[in-house]
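Spelled out, the chains give:
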Amino acid sequence: MSVLFELKNVVKGFVKGKEKISIFEDLNMTIEEGDFVAIMGPSGSGKTTLLNMLGGVDQPTGGEVWFDGERIDSLSEGNLAKWRANNVGFIFQFYNLMPMLNAARNVELPLLLTKLSGKQRKKNVETALTLVELADRAKHMPSEMSGGQQQRVAIARAIVSDPKLLLCDEPTGDLDRATADEILRMLQLLNQKFNKTIVMVTHDPAAAKYAKRTIHLDKGEFVEEELVA
Amino acid sequence: MFGLFSQIGTVIVMNIRSLPQRLWMSLAAVLAVSVVVAVLLSFLSMSNGFASTLDGTGSDSVAIVTRSGSQSELNSVISRDSVNIVSTAPGIATTTDGQPFYSAELYVVVDGIKKSSGTEVNIPMRGISRTGFELRDKVEIVEGRVFEPGTNELIVGQGVLGQFDGFDLGQEVTFGKTRWSVVGVFSTGGSAFESELWADARMVQDLFNRGNSFQTMRIRLAEPGNVDGIREMIENDPRLILDVDTESDYFATQGEALQGIVFFGWGISIVMGLGALAGALNTMYTSVASRSAEIATLRAIGFSNLSAFFGTLSESILLSLVGGVVGALVSYLFMDGLTTATMGPGFTQVVFTFELSPALFQNGIMLALLIGLVGGFFPAWRAARLPVITAFQKAT
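Residues numbered from 1 in each chain as written. Chains lettered and ligands numbered in written order. Predicted model: local features only at pLDDT ≥ 70, side-chain atom pairs only at ≥ 80, totals over all residues. Heavy atoms only, no water.

**Some points on the overall build of chain B**
Piece 1. When helices and strands are tallied, chain B shows 13 helices and 15 strands.
Piece 2. Here the C-alpha atoms of chain B give a radius of gyration of 30 Å, more than 25% beyond the 21 Å that 2.2 N^0.38 yields for 396 residues.
Piece 3. Along the longest, intermediate and shortest principal axes, the C-alpha atoms of chain B span 100 × 45 × 30 Å.
Piece 4. Counting across all 396 residues of chain B, residues that qualify as buried make up 52%.
Piece 5. For chain B, the proportion of contacts with a sequence separation of at least 24, taken over those separated by at least 6, is 78%.
Piece 6. One way to put it: in chain B the 24 positive side-chain charges average out to a point 13 Å from where the 35 negative ones average out. (Helix = DSSP H or I, 4+ residues; strand = E, 2+ residues; numbered from the N terminus. Rg over C-alpha atoms; globule rule 2.2 N^0.38 Å. Buried < 20%, exposed > 50% of the residue type's maximum accessible area, 1.4 Å probe, protein only. Contact = heavy atoms within 4.5 Å. Lys, Arg positive; Asp, Glu negative; His and termini not counted. Charge placed at Lys NZ, Arg CZ, Asp CG, Glu CD.)

**Some words on the sheet that holds strand E10 (residues 221-227) of chain A**
All names here are of chain A.
Piece 1. Reading across from one edge, E6-E7-E8-E3-E9-E10 is the order of the 6 strands in this open sheet, with mixed pairing throughout. Each edge of the open sheet carries a strand with a single partner, namely strand E6 (88-91) and E10. Taken over all neighbouring pairs, the strand axes of this sheet differ in orientation by 20° on average, direction set aside.
Piece 2. The pairing of strand E7 (residues 165-169) with strand E8 (residues 197-201) spans 5 bridges and is classified as parallel. Considered in E8, the bridge of Asp169 is made with Val201. (Pairing = 2+ DSSP bridges. Axes fitted to C-alpha atoms, helices over the stretch in contact; angles between N-to-C directions.)

**Topic: a nonpolar patch on the surface**
All names here are of chain B.
Piece 1. Judged by side-chain polarity, Ile16, Leu318, Val322, Val326, Val330, Tyr332, Leu333 and Phe334 come together as a nonpolar surface patch covering roughly 730 Å² of accessible area.
Piece 2. A total of 7 residues in the nonpolar patch trace back to one element, the largest contributor, which is helix H11 (residues 305-334).
Piece 3. Note on placement: Val326 falls in helix H11.
Piece 4. Taking relative accessible area as the criterion, Val326 reaches 37% and is therefore assigned partly exposed. (Patch = residues over 30% accessible without salt bridge, like charges linked within 9 Å, V, L, I, M, F, W, Y side chains within 5 Å. Areas by Shrake-Rupley, 256 points an atom, 1.4 Å probe, with all protein chains shown as cover. Salt bridge = Lys/Arg side-chain N within 4 Å of Asp/Glu carboxyl O.)

**Details of the sheet that holds strand E5 (residues 70-71) of chain A**
Residue and element names in this part refer to chain A.
Piece 1. Strands sit in the order E2-E1-E4-E5 across an open sheet of 4 strands; the sheet is antiparallel. Two strands close off the open sheet at either side, each with one partner strand: strand E2 (19-32) and E5.
Piece 2. Taken together, the 5 bridges between strand E1 (residues 3-16) and strand E4 (residues 62-67) define a ladder with antiparallel strand orientation. Across the sheet, Glu6 pairs through a bridge with Trp66, a residue of E4.
Piece 3. Against the sheet, helix H1 (residues 47-54) touches E1, E2 and E4, its axis set at about 60° to E2.

**Description of helix H6 (residues 177-194) of chain A**
All names here are of chain A.
Piece 1. Its 18 residues place the ends of H6 25 Å apart at the C-alpha level, agreeing with the 26 Å of an ideal helix rising 1.5 Å per residue.
Piece 2. Taken together, the buried positions of H6 are occupied by Thr179, Ala180, Asp181, Ile183, Leu184, Met186, Leu187, Leu190 and Asn191.
Piece 3. Sitting at the head of H6, Asp176 places a side-chain oxygen 3.2 Å from the backbone nitrogen of Ala178. (Expected span 1.5 Å × (residues − 1). Polar contact = N/O pair within 3.5 Å; in protein donor to acceptor, adjacent residues only side chain to side chain.)

**As for the nonpolar core**
Piece 1. B:Met125, B:Phe175, B:Trp180 and B:Ile230 are the most contacted members of the largest nonpolar core, which totals 43 residues.
Piece 2. By residue number, the principal contributor to this core is strand E3 (residues 102-114) of chain B, which donates 5 residues.
Piece 3. Excluding residues that lie within four positions of it along the chain, B:Phe175 makes contacts with B:Val110, B:Asp111, B:Met125, B:Leu154, B:Phe167, B:Trp180, B:Leu197 and B:Phe208.
Piece 4. One finds A:Ile91, A:Tyr95, A:Ala156 and A:Ile198 within the second-largest nonpolar core, a separate group that totals 39 residues. (Core = buried A, V, L, I, M, F, W, Y, C linked by side-chain atoms within 4.5 Å.)

**Focus: helix H4 (residues 118-131) of chain A**
Residues and elements named next belong to chain A.
Piece 1. Given a rise of 1.5 Å per residue, 14 residues ought to cover 20 Å, and the 20 Å separating the end C-alpha atoms of H4 matches this to within 8%.
Piece 2. All buried positions along H4 are accounted for by Arg121, Val125, Ala128 and Leu129. Axial view of H4: buried residues confined to an arc of 95°, hence all on one face. In H4, the exposed positions angled more than 90 degrees off the buried face are occupied by Lys119, Lys123 and Thr127.
Piece 3. Close packing links the buried residues of H4 with helix H3 (103-108) and helix H5 (147-159).
Piece 4. Directly after H4, the chain includes Glu133, whose backbone phi takes a positive value near 60°. (Arc of directions from axis to C-beta.)

**Examining the confidence of the model for chain B**
Piece 1. For chain B, per-residue confidence averages 84 on the pLDDT scale, and 91% of positions sit at 70 or higher.
Piece 2. Per-element averaging of pLDDT across chain B places strand E14 (residues 339-343) of chain B at the bottom with 62 and strand E6 (residues 153-157) of chain B at the top with 93. (pLDDT = per-residue confidence, 0-100.)

**Looking at the interface of chain B and chain A**
Piece 1. Contacts between the two partners involve 26 residues from chain B, matched on the other side by 25 residues from chain A.
Piece 2. Linking chain B with chain A are 2 salt bridges, by the criterion used here.
Piece 3. Note that A:Glu77 is salt-bridged to B:Arg385, the shortest N-O span being 3.9 Å.
Piece 4. Contributions of two or more residues to the side of chain B that touches chain A are made by helix H1 (2-17), helix H10 (292-301) and helix H13 (390-393) of chain B.
Piece 5. Broken down by element, the side of chain B that touches chain A gets its largest block of residues, 7 residues, from H10(B).
Piece 6. For the side of chain B that touches chain A, a count of residues per class yields 11 nonpolar, 10 polar and 5 charged. (Nonpolar A, V, L, I, M, F, W, Y, C, P; charged D, E, K, R; others polar.)

Right, dumping it as structure tokens:
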């Protein structure tokens, strides 16, 4: 498998008042295409910061971040936005759906950044909603759906433009166990059947078991890596 | 570029659909702008109406002669001798019987009671001859008849009837020690003359102790707009300390004094507009704050910061536009066509009608858009600079 992500000597810190706080001092990691990585660790360990850097929404203060042979840590804000639109699907803990748009319009959002025709966009939206088993809820508003259904809409939105990478920030943190398992099985399916590379931040060891491997972070360092059978 | 437009369109649609979540604050912003626009248009329509009345009063075919340096008809004096000399000047049209076509007129002030306030005000009374009627193009007796020369009869302008008490047809009115009968109502097509009382010139001279003097002399010009012959005679004859101008130029100059209303209207509107601007800023900052997760999520998905900027700016402009239209409609409904009287340039009451023209409406909308633009710019800038990381913050 080819390397999708490579972090080389990444340094990340910020200044709070007069104090300099370091999150990563020399982080190195690779993620291969088709991988499903769970990142675990206590609060403040840097797992969300890592996810943000992988998603191009936060920049390292040093080192390099490479994606599919392209260095992304030095891209401008505008180019990073284009890069995200082409390569990344985000899945958030609280779904982050637009409350004023129905499910289909929410899923369509990433397609508005493409040159697809309205007809083609509609077709892709139907496909994505069918994949998450919500085709019959296309016209429903987020407020008319359960948490699990909203997260499935968010997954449909994340995959509708067929990105290589899905970044999930506590995707089951707001769901009950049964619904969480349903969402995780869906992510697993996307990884195994559609070869999506998934990086998932989670506190939940049960959720991490759906990944191919789990990375444990503590104080900005990898302390343990385990492969899931 | 198309992608950018569809992004902006989507953000605008989302912003507008989410307005009910900020209903009261949005309504307050709309209300503030509408009040500003309504106030501005009220002042401007008043000024516009006043200017129209004065503009309609003057004619290019008529010259007006006044004492040199007098600022209004009221403080002008012309002797009979001067009138006779000027009447021989070149450029004066002749009547059908070959006489110089002019009217020597008196202009005095009498008391009247304003209907709206019950206060005592100055009403102009014009002493006029038959030629004075013929000299004016649009004079029409709409009720009753013309006064009989040599009697204490007067006729009243239509504007006087609507705005002042005690001048109904058939009524007797007392000015000082003199009593007058109202025998007719006249119209002059909405000009300032309709704010006047007209009576026989000789009677006004006698009863107001004016001897054989007049205030003004109106002359029908042989060639409209050409007062050169008369002016040349006045300038070359040391006995004549007079000014001459066409009536239209004279009233246009008088109307310039009303520019103060326009400046005052704009001044007060700008001050109020600053208040509305603060309201718009507050509304839009709140809007951005309440939608920060949505904006950041769109940015995370790949939407450009321009879409966040223009989406927010559009919301502000839309709210202000609604406020502007509401304010203009309120002004139109309550002000346009409203007839009132105020102190004119001759220290007498001039009856006029508020006029809200399309150009004024445009001014009001432009002011509203300016408030929306400035009030939305800074919040829109904040929306555009909102860190994408905000989308994740609720989850951490």
